Amino acid sequence: NHYAILMAGGIGSRFWPVSTTQYPKQFQDILGVGSTLIQITFYRLAKLMPAENIIILTHKDYKEIVKEQLPQVKDEQIVLEPCMRNTAPSILLGALKIKKKNSDALILVAPSDHWIQGDLAFQENIEEAFEIVASEDKLITLGIEPTFPNTGYGYIKYKKDDADGLKPVLRFTEKPSFKKAESFLEEGNYVWNAGIFIWSAKFILESFQKYQPETFRLFQKGVEVYNTEKEQEFLVENYQKAQSISIDYAIMEKSDSVYVIPAKFKWNDLGTWRSLEDELIQDKQQNTIVNGRLLPLKSTGNIIKTKNNKVVVLDQLHDFVVVENDNVLLITPKDRIQEIKAIRDKVVDQF
Ligand code: GDD
Ligand code: MG
């Protein structure tokens with residue numbers, strides 16, 4: 001009775017121009033390891049449950065990409081969202097579909113665009129969580145030891161105790177201000193939300209009913225047609241009516257049944273180009289290169305990703321990001337990488 005909802009509808013705009021709306025980050029081999037992030041994630045989950053129990057939620061435009069990258073996945077495992085409404089509606093829909101198949105289902109919700117090392121530790125964490133939610137009404141998330149006041153994450157204040165494993169959550173704060181994040185780190189008993197959730201189908205649906213009654217009613221209306229040929233018709237007509245909200249704001253900040261298990265694996269959500277520096281080995285001049293060969297001439301601290309393994313000659317260039325796709329080449333100072341989404345938005349209409 002173990003199922004997974006694989007979240008694959010984001011657009012990863014800070015990895016532009018490699019990640020594009022046509023081909024977002026989860027479908028890219030960001031680290032140059034030979035497989036895309038969704039492929040690696042899918043096979044990691046398939047070690048925890050039958051592969052047919054994994055459903056992939058994504059925007060309708062990515063259907064062909066999913067089928068091409070995961071050829072063993074059947075059409076009925078791919079759920080196509082007619083429009084983007086963030087993660088809460090898709091998780092609710094996924095839970096309703098799974099509950100209809102198996103009313104005792106336990107669900108793992110996993111992002112498709114993260115980089116995880118330590119598959120065994122990951123399995124242990126998830127199995128521990130599955131065991132708990134099999135008999136207790138709890139919403140479990142995995143926590144990551146924070147290293148700096150990153151404002152792009154959810155912060156989990158947990159109840160201190162000496163045992164490792166499950167801890168009650170005192171407060172969940174999604175994407176705090178920088179000041180707040182700093183004070184959280186000073187306080188001490190906070191972890192980052194990894195965005196990986198474990199719960200029973202029954203209890204997450206009860207939580208939606210309680211905290212997001214409108215969205216719950218909207219999707220509950222379709223239950224009869226879920227997992228049939230009529231499902232898509234229902235979604236085309238109704239999905240757009242859902243409020244756009246993430247699971248973190250919709251449920252995790254509100255519920256008093258949230259628990260956290262410290263993650264035992266190495267985790268990186270590949271938030272910006274800079275995260276490549278943490279995962280790949282740098283050359284003697286601290287340059288990082290993916291898919292290419294670098295000939296640096298007095299050039300330091302650059303992050304490079306080429307298309308088709310080019311030789312890149314850098315002459316006296318320091319701390320730049322140089323990345324290309326088939327038709328765009330972006331060159332920007334490394335301290336501007338948080339602005340890449342804004343840069344893309346400014347120019348994207350022009351090609
Ligand atoms: N199906 C579907 N539909 N998937 C989506 C959608 C959507 O509309 N929007 C986003 N996703 C997918 C993304 O592809 C990603 O795998 C996952 O859902 C999470 O969405 P993000 O947009 O990447 O969320 P975030 O990074 O801002 O924040 C979340 O992750 C952080 C850790 O990386 C939150 O859960 C934070 O609390 C958490 O710290
Ligand atoms: Mg993310």
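Residues numbered from 1 in each chain as written. Chains lettered and ligands numbered in written order. Predicted model: local features only at pLDDT ≥ 70, side-chain atom pairs only at ≥ 80, totals over all residues. Heavy atoms only, no water.

Q: So what exactly am I meant to see when it comes to the overall build of the protein chain here?
A: When its secondary structure is counted, the protein chain shows 11 helices and 15 strands. Taking 20 Å as the expected radius of gyration for a compact globule of 351 residues, we find that the protein chain reaches 21 Å, a close match to that expectation. About 16,400 Å² of surface is accessible on the protein chain, with carbon and sulfur atoms providing 48% of the total. The positive charge centre, built from 43 side chains, and the negative charge centre, built from 48, are 3 Å apart in the protein chain. (Helix = DSSP H or I, 4+ residues; strand = E, 2+ residues; numbered from the N terminus. Rg over C-alpha atoms; globule rule 2.2 N^0.38 Å. Areas by Shrake-Rupley, 256 points an atom, 1.4 Å probe, with all protein chains shown as cover. Lys, Arg positive; Asp, Glu negative; His and termini not counted. Charge placed at Lys NZ, Arg CZ, Asp CG, Glu CD.)

Q: When you look at the domain arrangement of the protein chain in this model, what are you seeing that I'm missing?
A: How big an interface is tends to be stated in terms of accessible area lost as the parts join. Along its sequence, the protein chain is carved into domain 1 (2–268) and domain 2 (275–350). Relative to domain 2, the C-alpha centre of domain 1 lies at a distance of 30 Å. Listed as interface residues are 17 residues of domain 1 and, on the opposing side, 20 residues of domain 2. At the junction of domain 1 and domain 2, the tally comes to 1 salt bridge. One salt bridge connects Lys 266 with Glu 279, and the closest N-O pair in it is separated by 3.4 Å. Secondary structure elements with two or more residues in the side of domain 1 that touches domain 2: strand E5 (115–117) and strand E11 (266–268). (Domains from an automatic or database assignment. Contact = heavy atoms within 4.5 Å. Salt bridge = Lys/Arg side-chain N within 4 Å of Asp/Glu carboxyl O.)

Q: How should the site of ligand 1 be read in this particular structure?
A: Surveying the vicinity of ligand 1 reveals 25 residues, the closest of which are Glu 81, Glu 174, Lys 175, Asn 193 and Asp 248. Interatomic distance of 3.0 Å between a backbone N/O atom of Gly 10 and an oxygen atom of ligand 1. The separation between an oxygen atom of ligand 1 and a polar side-chain atom of Glu 174 is 2.6 Å. With the chains in place, 86% of the 740 Å² that ligand 1 exposes on its own is no longer accessible. Listed by contribution, the elements that provide at least two residues to the shell around ligand 1 are strand E2 (54–59), helix H3 (87–101) and strand E9 (190–200). The biggest single contributor to the shell around ligand 1 is E9, with 3 residues. (Near = heavy atom within 4 Å. Polar contact = N/O pair within 3.5 Å; in protein donor to acceptor, adjacent residues only side chain to side chain.)

Q: Sorry, what's going on with the packing of aromatic side chains here?
A: Each aromatic ring pair is summarised here by two numbers: the centre-to-centre distance and the angle between the ring planes. Counted under the stated rule, the structure contains 12 aromatic pairs. Ring centres of Tyr 153 and Trp 192 lie 4.7 Å apart, and the angle between their planes is 65°; on these two criteria the pair is classed as edge-to-face. Here the residue Tyr 153 occupies a position in the loop between strand E6 (139–144) and strand E7 (154–158), and Trp 192 occupies one in strand E9, the gap between them amounting to 39 residues. The same class applies to Tyr 153 and to Trp 192, which are both buried. Measuring from centroid to centroid gives 5.5 Å for Phe 219 and Tyr 239, while their planes differ by 75°, and the two rings are edge-to-face. Residue Phe 219 is found in helix H7 (residues 213–220), and its partner Tyr 239 is found in the loop between helix H8 (231–238) and helix H9 (247–252); the two are separated by 20 residues along the sequence. We note that Phe 219, like Tyr 239, is buried. (Phe/Tyr/Trp six-rings, centres within 6.5 Å; stacked < 30°, edge-to-face > 60°. Buried < 20%, exposed > 50% of the residue type's maximum accessible area, 1.4 Å probe, protein only.)

Q: Would you mind going over the pattern of salt bridges with me for this structure?
A: Opposite charge on two side chains makes pairing possible when the charged atoms of those side chains draw close. All chains considered together, the criterion is met by 20 salt bridges. With a shortest N-O distance of 3.0 Å, Asp 137 and Lys 202 are connected by a salt bridge. Of this pair, Asp 137 sits in the loop between helix H4 (119–135) and E6 while Lys 202 sits in helix H6 (residues 201–211), placing them 65 residues apart in sequence. Here Lys 202 falls in the partly exposed class, since its relative accessible area comes to 36%.

Q: Please explain unusual backbone geometry as it appears in this structure.
A: Negative phi is the rule for most residues except glycine; trans is the rule for most peptide bonds. That bond from Trp 16 to Pro 17 is cis: its omega, 5°, falls within 30 degrees of zero. Of note, Pro 17 is situated in the loop between strand E1 (2–7) and helix H1 (37–45). Despite not being glycine, Asn 227 shows a phi value in the positive range, around 65°. With respect to the helices, strands and loops of the structure, Asn 227 is situated in the loop between H7 and H8. Positive phi, normally seen in glycine, also occurs at Leu 270, with a value near 45°. If you trace the backbone, Leu 270 turns up in the loop between E11 and helix H10 (275–279). Its relative accessible area of 0% is what places Leu 270 among the buried residues.

Q: Can you help me understand the pairing of E2 in this one?
A: The side chains of a regular strand alternate, residue by residue, between the two faces of the sheet. With respect to burial, E2 is a largely interior element, 6 of its 6 residues being buried. Relative to E2, E1 runs parallel, the two sharing 4 bridges. Residue Met 7 lies in a different strand from E2, and its bridge partner there is Leu 57. Handedness of the E1-H1-E2 crossover: right-handed. (Pairing = 2+ DSSP bridges. Right-handed = clockwise from strand over helix to strand, strands pointing away.)

Q: What am I meant to see in H3 here?
A: Given 3.6 residues per turn, any residue in an α-helix points the same way as the ones three and four places further on. Given a rise of 1.5 Å per residue, 15 residues ought to cover 21 Å, and the 21 Å separating the end C-alpha atoms of H3 matches this to within 8%. For H3, the buried fraction is high: 11 of the 15 residues fall into the buried class. Listing the buried residues of H3 in full gives Ala 88, Pro 89, Ser 90, Ile 91, Leu 92, Leu 93, Gly 94, Ala 95, Leu 96, Lys 97 and Ile 98. (Expected span 1.5 Å × (residues − 1).)

Q: Looking at this structure, I do not really get the nonpolar core. What am I missing?
A: For soluble globular proteins, nonpolar side chains are generally found buried alongside one another. Ranked by internal contacts, the top residues of the largest apolar core, which has 46 residues, are Trp 199, Phe 208, Phe 219 and Ile 251. The element contributing the most residues to this core is H3, with 7 residues. Apart from residues lying up to four places away in sequence, Phe 208 is in contact with Ala 88, Ile 91, Leu 92, Pro 213, Phe 216, Ile 247 and Ile 251. Ala 8, Phe 27, Leu 142 and Ile 144 belong to the second largest nonpolar core, which has 45 residues in total. (Core = buried A, V, L, I, M, F, W, Y, C linked by side-chain atoms within 4.5 Å.)

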